[in-house]
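Next come the chains, spelled out residue by residue.
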Amino acid sequence: MAPQTTTTQQTATRMSLALIITSPFAVNAFWSSHLEAMSKVYDVSVLVNIVDQQLKDVVTKVPPGVTVIPLKLRREINPLDDLRALLAIRRFLIGNNVKVAITMTPKAGLTGMLAARWAKVPVRIHWFTGQVWVNRKGWMRQLLKTTDRLTVRASTAALVDSHTQVDFLARENIAPRSRFEVLGSGSVSGVDCTNFAPDPDTRREVRAELGIADDEIVMVFAGRVNRDKGVPELLEAFTRLRQAGHRVRLLVVGPEEGAILPRPLPDGVLAIGYTQTLHRYFKASDIFCLPSHREGFGLVLIEAGACGLPAIASRIYGITDAMLDGVTGLLHTAEDASDIAAKAERLIRDPALRKQFGDAARARALKEFSSSRLTDLLMARVACLLKATARIP
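As the structure is a prediction and not an experimental result, all values here were calculated from the model.

What counts as what
Residues numbered from 1 in each chain as written. Predicted model: local features only at pLDDT ≥ 70, side-chain atom pairs only at ≥ 80, totals over all residues. Heavy atoms only, no water. Pairing = 2+ DSSP bridges. Helix = DSSP H or I, 4+ residues; strand = E, 2+ residues; numbered from the N terminus. Axes fitted to C-alpha atoms, helices over the stretch in contact; angles between N-to-C directions. Contact = heavy atoms within 4.5 Å. Salt bridge = Lys/Arg side-chain N within 4 Å of Asp/Glu carboxyl O. Buried < 20%, exposed > 50% of the residue type's maximum accessible area, 1.4 Å probe, protein only.

J.: What should I look at first to understand the sheet that holds strand S12 (residues 311–314) in this one?
T.: Hydrogen bonding along the main chain pairs the strands of a sheet, whether they run parallel or antiparallel. In spatial order, the strands read S10-S9-S8-S11-S12-S13; together these six strands make up an open sheet with parallel pairing. Two strands in the sheet have a free side with no partner beyond their single neighbour: strand S10 (269–273) and strand S13 (329–332). The average undirected angle you get between the axes of adjacent strands in this sheet is 20°. When strand S9 (residues 248–253) meets S10, the two strands line up parallel, connected through four bridges. Bridge pairing in S10 links Val252 to Ala271. Strands strand S8 (217–222), S9, S10 and strand S11 (287–290) of the sheet are contacted by helix H9 (residues 231–243), whose axis makes an angle of about 165° with S9.

J.: Looking at this model, I keep getting lost on the pattern of salt bridges. Mind explaining?
T.: For the structure on display, the rule yields 26 salt bridges. The salt bridge partner of Arg204 is Asp201, with a shortest N-O separation of 2.4 Å. On the criterion of helical spacing, the pair formed by Arg204 and Asp201 is a turn pair, its members being three residues apart in helix H8 (residues 200–210). Residue Arg204 is classed as partly exposed on the basis of its relative accessible area, which comes to 49%. Close ionic contact of Arg364 with Glu368 constitutes a salt bridge, the shortest N to O distance being 3.9 Å. Highlighted residues: Arg364 and Glu368, both in helix H14 (residues 351–368), separated by four residues, approximately one helical turn. Since its relative accessible area comes to 22%, Glu368 is described here as partly exposed. Connected through salt bridges with shared partners, the residues Lys72, Asp81 and Arg84 form a single ionic network.

J.: Sorry, what's going on with the sheet that holds strand S6 (residues 157–160) here?
T.: Ordered in space as S3-S2-S1-S4-S5-S6-S7, the seven strands form an open sheet in which the pairing is parallel. Taken across any chain shown, the strands that pair with only one partner, and hence form the sheet edges, are strand S3 (67–71) and strand S7 (180–181). The pairing of strand S2 (residues 43–49) with S3 spans five bridges and is classified as parallel. For Val46, the partnering residue across the bridge sits in S3 and is Val68.

J.: Could you clarify how one ought to interpret the environment of Ile319 in this entry?
T.: Looking at the secondary structure, you find Ile319 in helix H12 (residues 319–322). As for Ile319 and Leu234, which are separated by 85 residues in sequence, their C-alpha atoms are 16 Å apart. Beyond its immediate sequence surroundings of up to four residues, Ile319 is in contact with Leu290, Ser292, Glu295, Phe297, Leu301, Ala313, Ser314 and Leu331.

Here it is, written out as structure tokens:
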């Protein structure tokens, strides 16, 4: 369903702001705090690729006063549908006199930034959160890199969620380094360190629900369950740990994309699926695992760290911003099940090291990555960009 040109309630002092995004999951995961703050200053609309059964879940994460506009903008390339989406976005932006357009995710970035530039929206912000072309080859890699270049050119500001990702984008000639900026220490939204916090009562409660004994070591993965997240290697590593006699369980939390998990599940593996209460499973766990092949920042590492969990994760850009090797966890070689198993075994055998890393991860989350800090930084950046456009004759 394409967005209709409906006039948002406006006053003489409230400007209109639109967030354009392909993923309802991303709205839930990253934008709740930002949207709440923005809705106090701007008339806010969220244009999101959504189907009817998903609407209720998204609306529960959107603050009162924010309008959700269903938009047919799928992640897959479809030239005709993508053109229709671009035209629909442009109509909405013009019809609602939008002054600030923000995009996140690659497809929304390209169509949203092009539509906003065409509609002469004065402030156009795209947020890079990882590149889908990192592991691609040939003409498809070049095509996807070109779309990122076009997105930057159509924007007035290009935010990036990690400093190492800025290095990567500049090295790949997406745009000069001066075109990119990172808010604070990185991430899109930061973490609610009150919700994501250690809690012995919840630990006991969730373990009882799942039939996990108090003395078992629980490893947890959270995210989209696909190959790019390294789930196959994690399963292989986990199987090796079980075969070595370790009393471990693995929680796989997140929506499965394709037939990634074998059926029946390997012994000791529990598939939780999508949840809006991720913090409960972190509180019940002992080690967080993120064996991604590509990652823009890895906010989930900060969320797990805020719950006092040490981590094992891939040594790739983005993750190295979110995790400090030998301080908040251990980095392993990407796509290497043997190294994942070795790093996990080190933490399994050393409870004192797990606590040391977990305490450090919690302290770092509180100091550098609180959601209120990231929201304040974003609000200040938007205000600064608006002020700059007001000075342009």
